[in-house]
Amino acid sequence: MTQATPTTRDRDASRAELPAEVDVAIVGAGFSGLGMAIRLLQGGREDFIVLERGEEVGGTWWFNTYPGCACDIPSHLYSFSFAPNPDWTQTYSPQAEIRDYLRRCADDFGVRPKLRLRCEVTGAAWDRDVGRWRVATSDGELLARVLVSGAGPLLEPRVPELPGLEAFEGAAFHSARWDHGYDLVGKRIAAIGTGASAIQFVPEIQPLVDRLHVFQRTPPWVVPHSNRPITRFERWLYRRLPAAQLLARGFTYLVREPLVLGFVKHPRLMRVVERVARRHIGRQMPDPELRARVTPSYTIGCKRILPSNRWYPALGEPNVELVTEPVVEVRVRSIVTADGTEREVDAIIFGTGFHVTDIPVATLIRGAGGLTLADVWEGSPRAYRGTTVAGFPNLFFLLGPNTGLGHNSMVYMLESQIAHVLDALRAMDAADAAAVDVRPEAQAEYNRALDRRMKGTVWTSGCASWYIDATGRNSTLWPDWTWRYRRRTARFDIERYRVLPRLPVPDREAEPVVAA
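Along each chain, the written sequence defines residue order, and numbers are assigned to residues from 1. Where totals are concerned, whole chains, interfaces and linings use all residues; where local detail is concerned, this predicted model gives features only for residues with pLDDT of at least 70, and gives and counts side-chain atom pairs only at 80 or more. Hydrogens are left out, water is left out, and the side-chain values use all remaining heavy atoms of the structure.

A. Structural detail: the side chain of Asn85. Considering the arrangement of structural elements, one finds Asn85 in the loop between α3 (60–63) and α4 (95–108). Exposure remark for Asn85: the relative accessible area of 5% places this residue in the buried category. In terms of polar contacts, Asn85 uses its side chain to reach the backbone amide nitrogen of Asp87, at 3.0 Å. Here, residues are in contact when the closest pair of their heavy atoms is within 4.5 Å. Residues within four places of Asn85 in sequence aside, it is in contact with Tyr101, Arg104 and Gln245. Strands are runs of DSSP state E lasting at least 2 residues, helices are runs of H or I lasting at least 4, and numbering of each runs from the N terminus. Residue burial is assigned from relative accessible area. The probe radius is 1.4 Å, only protein chains are included, and a residue is buried under 20% of its type maximum, exposed over 50%, and partly exposed in between. Polar contact is the term for a pair of N or O atoms within 3.5 Å; when the atoms are in protein, one must be able to donate a hydrogen and the other to accept it, and sequence-neighboring residues count only if both atoms are side-chain atoms.

Below is the structure:
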């Protein structure tokens, strides 16, 4: 008799209950959550859990599986410094290799026993009476002294509110939730959006479809892509001589880091990059009318600069139409633009980005005053050193507000923050503190300084981008050298915090937290 394969429901029913309490609860098992977990274990701290809603580790590299999905940061930089990967096959890694790298990290560093997969956090509230976070999940509730949010910014898809979309009878999905069961061959496809995801999946699907309508609101600046295969000899060398790969990583960092001069210090330097991008357009877009429509009118770098050698040629293919008129209505089997043109389509694919400045997790976390992060932020996320928020004791963000980059690897910033959180835990132990809560004046002073540095950067030159929040403030990017951020977060400055004394052992029978 053939034994049936256990379903997800069967596996969930048979697994152990959540622990009643842990010292540290980590939300998310992407780069942030895994990095934090690994460093906790290496530091001798084992009383923690990693809560991941997905079927596997990987975060954005688990959920994003669209055709052509890859990283636009060099492979040697887009990995943990303590876990170099000598087996990258390309200088810019595809999604599957990054996903597999993170799975190996979870295995090699012994994180698996601490993982709780398919476990979604539905709410978290600070209980001031017991000095703990009450964390509600799809598997039940647990208490945690410290809550670490590793929910990345490029995870929750943003789908525009188009009139009539709910009545569309064809397939409709976001690139971050790609429907691999839908056969694109011979179909009429509408691709809405021309950002980082679209410039990767459009060239992949163009040869398959009958007709591809690419709807563009604002053209991106696109530069030549320097991706190449990493040779067998290079991979052999990195395995035999790890110092060679560390040298390659250091060299790549040093090459990219000076780009901050153009983004932040002297935006006029971006004219050099713009000339490169304009030459790229000229070489790849022979049609003058099409060339004009793909040439941006804003300063390069104001939006994310995208690398591709395939985007412009794909737009020039006979079965592709670049549509620059705004979409005003979706009908049962068609899309209507502002000029009155109706285009019949079989499927709509959204490459329209993510909820970045309106972080969804902000609606789930409730602080000491009873307000959620979303209530406190009022559309503009702010934190101290991108990590802690006043009124939310023992809550630490990884890749929080103003820690994103336009020029280098987020893993560098992430490792700086992880070290900062570890130092915070050590400082709390030394002070015999139950909790720390950043002082409001320290947070306000830090963000005023950030906003001053943001003035005059290329990101404030006038374009609309996902870096800018609902209030018109750039709450996404770090406006300085990455090494300077690392230096400033090297020590947890406990003097900038209110230190809360230890409390008696919490009553685990208290009222459960209500999911937000």
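B. Inspection of the packing of helix α6 (residues 232–240) against helix α7 (residues 242–256) at higher detail. Here an axis means a line fitted to C-alpha atoms, over the contact stretch when the element is a helix, while the angle between two N-to-C directions is reported on a 0 to 180 degree scale. Orientation of α6 relative to α7, taken along the N-to-C sense of each, is 110°, at an axis distance of 4 Å. Taken together, the axis directions place α6 and α7 in an arrangement best described as roughly perpendicular. From α6, Leu237, Tyr238, Arg239 and Arg240 reach across to α7, where they touch Pro242, Ala244, Gln245 and Ala248. When residues are sorted by character, Ala, Val, Leu, Ile, Met, Phe, Trp, Tyr, Cys and Pro go into the nonpolar class, Asp, Glu, Lys and Arg into the charged class, and all the rest, Gly among them, into the polar class. Counted by class, the contact of α6 with α7 contains five nonpolar, one polar and two charged residues. Should an angle fall under 35 degrees it is taken as roughly parallel, and over 145 as roughly antiparallel, whereas 65 to 115 is taken as roughly perpendicular and any remaining angle as oblique.

C. Quick look at the layout of surface pockets. Taken as a whole, the second largest pocket holds about 710 Å³ of empty space. In this structure, the second largest pocket is lined by 30 residues; those nearest its centre are Pro74, Tyr92, Ser226, Arg256 and Leu259. Taken together, the elements giving at least two residues each to the lining of the second largest pocket come down to α6, α7 and α9 (270–284). It is α7 that provides the largest number of residues to the lining of the second largest pocket, a total of four residues. For the lining of the second largest pocket, the class distribution of residues is 16 nonpolar, nine polar and five charged. Here a cavity denotes grid points, spaced 1 Å and computed from the protein atoms alone, that fit a 1.4 Å probe unable to get out, and a pocket denotes an open set having protein on both sides within 12 Å along at least 5 of 7 lines; residues with an atom within 4 Å of a point are the lining. Grid points are joined across faces, edges and corners, and a volume is the space filled by probe spheres set on the points.

D. Up close: the sheet that holds strand β14 (residues 334–337). Overall, antiparallel pairing links the three strands, which are arranged β13-β14-β15 in an open sheet. The outermost strands of the open sheet, each flanked by one partner alone, are β13 (327–330) and β15 (342–344). The average undirected angle you get between the axes of adjacent strands in this sheet is 25°. In the sheet, β14 pairs with β15 via three bridges, with the strands oriented antiparallel. Note that in β15 the partner of Ile335 across the bridge is Arg343. Note on pairing: two strands pair once DSSP finds at least 2 bridges between them.

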